[in-house]
Amino acid sequence: MGKAKPFSIAKRAVWEAFKRVKANQGAAGVDGQSIEEFERDLANNLYKLWNRMSSGSYFPPPVRRVEIPKPDGRMRPLGIPTVADRVAQMVVIQYLEPILEPHFHQDSYGYRLGKSALIAVGVARKRCWKYPWVLDLDIKSFFETIHHGLLMRAVRKHTGCRWVLLYIERWLRAPVQLPDGTLLDRKKGTPQGGVISPLLSNLFLHYAFDKWMERSFPELPFERYADDVICHCVSERQAKHLLNNIKSRLAQCRLELNVQKTKIVYCKDSNRKGSYVNESFDFLGFTFRPRLSRNRNGRYFVNFSPAASNKATKAIRQGIRSWNLHRRTDKSLEDFAHMFNPIIRGWINYYGSYCKSALYRTFWHLDRILSRWASRKYKRLRGRQRRAQQWLRGIRKRQPLLFAHWSFAYALAGQ
């Protein structure tokens, strides 16, 4: 008989965790090992991980730091754990998530089953019609500044499981490896990119914000997606009062508001008179602002509603440019449709949910790039941009379903 392990972790739990990690894909960590490489010796790798976790001897390796550009030109740090570490984190998530989920607030929409960014946008839209004022909050460097002691107190409130608490503490303290190989110790924060970070950050803000709002301002609704938060108020005075109270509350939780980005917004429409310095805000890729709409009777009115933000459409155009279509003259239109339709459908399904016309120009831009590709590929169209555009228009009329955006951006626009 082998010696009993100090922690009872089912081998099945490690196997299920790997399947979820594989489905999510993701880049290699500090060891350079991809999911495919990990899978080549899967049984052995999973057994070693289970053995170490069950014996308490599992120590997470450093997290690989990468930086991705933010819309404002700054860089957002992401932490990429190794594949084995992502599996280990998923084992803990599978244990902890069912315990925490029933306690979370109904207006917390990030990283939760049955919740989504689009649902949050839809709820915000309806509440902006009901409440004339919005407090748009921006928490300064939230993921980098989460206080470990307060976070662990929140975790212990829901579980006393020794191995869960042990490994969460080790992940919080795991060093970050910079691109030059330098290791940075972490005394606060949880790296964006870590598998368990979304659950832990949700738990932190559940107590730092959601429960506090429920106690202190039960009459004021809000929507929160991770650290992206908007609150609805009946007056500017109430919004200012709420802002001051939230500043104090976050300071108690060792967090700080970004005062440059936090603002009070007037949700102006046809029935709301006067004006205010801020009459728009961005939330989850959508800009909420007064827009001209038409009712069922054909009459125009001003409606405060969302549409794809300028940042979002700029990011889509950057994505399209990254495809380098003009250089790929070895491909056909059918090849492009097969390669890029899943991405285009994703953009349409998300950003096309509200005010579809905000996307039209972006997709017309894609067709200009396709016509430039055609003028390079075909001799008879070379140097004749207008003829290339007519050629593409002819294909669009014959095969309107070839590209996902054609029936969306032209049929609806009446072209």
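Rules used throughout
Residues numbered from 1 in each chain as written. Predicted model: local features only at pLDDT ≥ 70, side-chain atom pairs only at ≥ 80, totals over all residues. Heavy atoms only, no water. Helix = DSSP H or I, 4+ residues; strand = E, 2+ residues; numbered from the N terminus. Buried < 20%, exposed > 50% of the residue type's maximum accessible area, 1.4 Å probe, protein only. Patch = residues over 30% accessible without salt bridge, like charges linked within 9 Å, V, L, I, M, F, W, Y side chains within 5 Å. Areas by Shrake-Rupley, 256 points an atom, 1.4 Å probe, with all protein chains shown as cover. Salt bridge = Lys/Arg side-chain N within 4 Å of Asp/Glu carboxyl O. Core = buried A, V, L, I, M, F, W, Y, C linked by side-chain atoms within 4.5 Å. Contact = heavy atoms within 4.5 Å. 1 Å grid on protein atoms, 1.4 Å probe; cavity = no way out; pocket = protein on both sides within 12 Å on 5 of 7 lines; lining within 4 Å. Points joined across faces, edges and corners; volume = space filled by probe spheres on them. Nonpolar A, V, L, I, M, F, W, Y, C, P; charged D, E, K, R; others polar. Phe/Tyr/Trp six-rings, centres within 6.5 Å; stacked < 30°, edge-to-face > 60°. Pairing = 2+ DSSP bridges. Axes fitted to C-alpha atoms, helices over the stretch in contact; angles between N-to-C directions.

Peer 1: Would you mind showing me how to read unusual backbone geometry here?
Peer 2: Notably, Ala226 is not glycine yet its phi reads approximately 55°, a positive angle. Within the element layout of this structure, Ala226 appears in the loop between β6 (222-225) and β7 (228-233). On the basis of relative accessible area, Ala226 is assigned to the buried category, the value being 4%. The backbone of Asn324 shows a phi angle near 50°, a positive value even though the residue is not glycine. Along the chain, Asn324 turns up in the loop between α11 (310-322) and α12 (333-351). Using a relative accessible area of 29% as the deciding quantity, one classes Asn324 as partly exposed.

Peer 1: What am I meant to see in a nonpolar patch on the surface here?
Peer 2: On the surface, Leu292, Tyr300 and Val302 cluster together to form a nonpolar patch covering roughly 330 Å² of accessible area. The residue Leu292 is located in strand β10 (residues 286-294) in this model.

Peer 1: I would appreciate a short explanation of the nonpolar core in the present structure.
Peer 2: Looking at soluble globular proteins, one finds that nonpolar side chains tend to be buried together. Core analysis: the biggest nonpolar cluster contains 70 residues, and Trp163, Ile168, Cys231 and Ile246 have the highest contact counts within it. With residues near it in sequence (within four places) discarded, Ile168 still touches Val92, Leu96, Met152, Val155, Ile196 and Leu200.

Peer 1: When you look at the pattern of salt bridges in this model, what are you seeing that I'm missing?
Peer 2: Two side chains with opposite charge may pair up if their charged atoms get near one another. Considering all chains together, one arrives at 13 salt bridges under this definition. Of the charged contacts, one joins Lys22 and Glu39 as a salt bridge, the two residues approaching to 2.8 Å between their closest N and O atoms. Separated by 17 residues along the polypeptide, Lys22 in helix α1 (residues 11-24) and Glu39 in helix α2 (residues 35-40) bring together distant segments of the chain. In this structure Glu39 comes out as partly exposed when scored by relative accessible area, which is 29%. For Arg156, the salt bridge goes to Glu169, with nearest N and O atoms at 3.6 Å. Linking Arg156 in helix α7 (residues 148-156) with Glu169 in helix α8 (residues 162-173), this pair joins segments that are 13 residues apart in sequence. For Glu169, a relative accessible area of 27% puts it in the partly exposed group. Where salt bridges share partners, they join Arg12, Glu16 and Lys19 into one cluster.

Peer 1: What is the right way to look at empty space enclosed by the protein in this model?
Peer 2: Over the atoms rolls a probe the size of a water molecule, and in doing so it shows where empty space is left. By the definition in use, this model includes 1 cavity of 30 Å³ or more. Estimated volume of the largest cavity: approximately 100 Å³. Contributing to the lining of the largest cavity are 15 residues, with Gln89, Trp171, Arg186, Pro191 and Ile196 lying nearest its centre. Broken down by element, the lining of the largest cavity gets its largest block of residues, 3 residues, from α8. Its residues assigned to classes, the lining of the largest cavity shows 9 nonpolar, 4 polar and 2 charged.

Peer 1: Explanation requested: the packing of aromatic side chains in the structure shown.
Peer 2: Summed over all chains, the structure comprises 29 aromatic pairs. On the basis of an interplanar angle of 45° and a centroid distance of 6.2 Å, the ring pair of Tyr167 and Trp171 is categorised as tilted. In this pair, Tyr167 and Trp171 both sit in helix α8, 4 residues apart, roughly one turn of the helix. Residue classification places Tyr167 among the buried residues on the basis of a relative accessible area of 0%. Judged by relative accessible area, which is 7%, Trp171 ranks as buried. An aromatic cluster of at least three residues, connected via ring pairs, comprises Trp323, Phe336, Phe340, Trp347, Trp373, Tyr378 and Trp391.

Peer 1: So what exactly am I meant to see when it comes to the sheet that holds β7 here?
Peer 2: The antiparallel open sheet is built from 4 strands, whose spatial order is β6-β7-β3-β8. The open sheet has two edge strands, β6 and β8 (263-266), and neither has a second partner. Neighbour-to-neighbour, the strand axes of this sheet turn through a mean angle of 15°, independent of strand direction. As defined by bridge partners, strand β3 (residues 133-138) adjoins β7 across 6 bridges and the pair is classed as antiparallel. The residue of β7 that forms the bridge with Asp136 is Ile230. On the sheet, helix α5 (residues 117-130) packs against β3, β6 and β7 and is oriented at approximately 160° with respect to β6.

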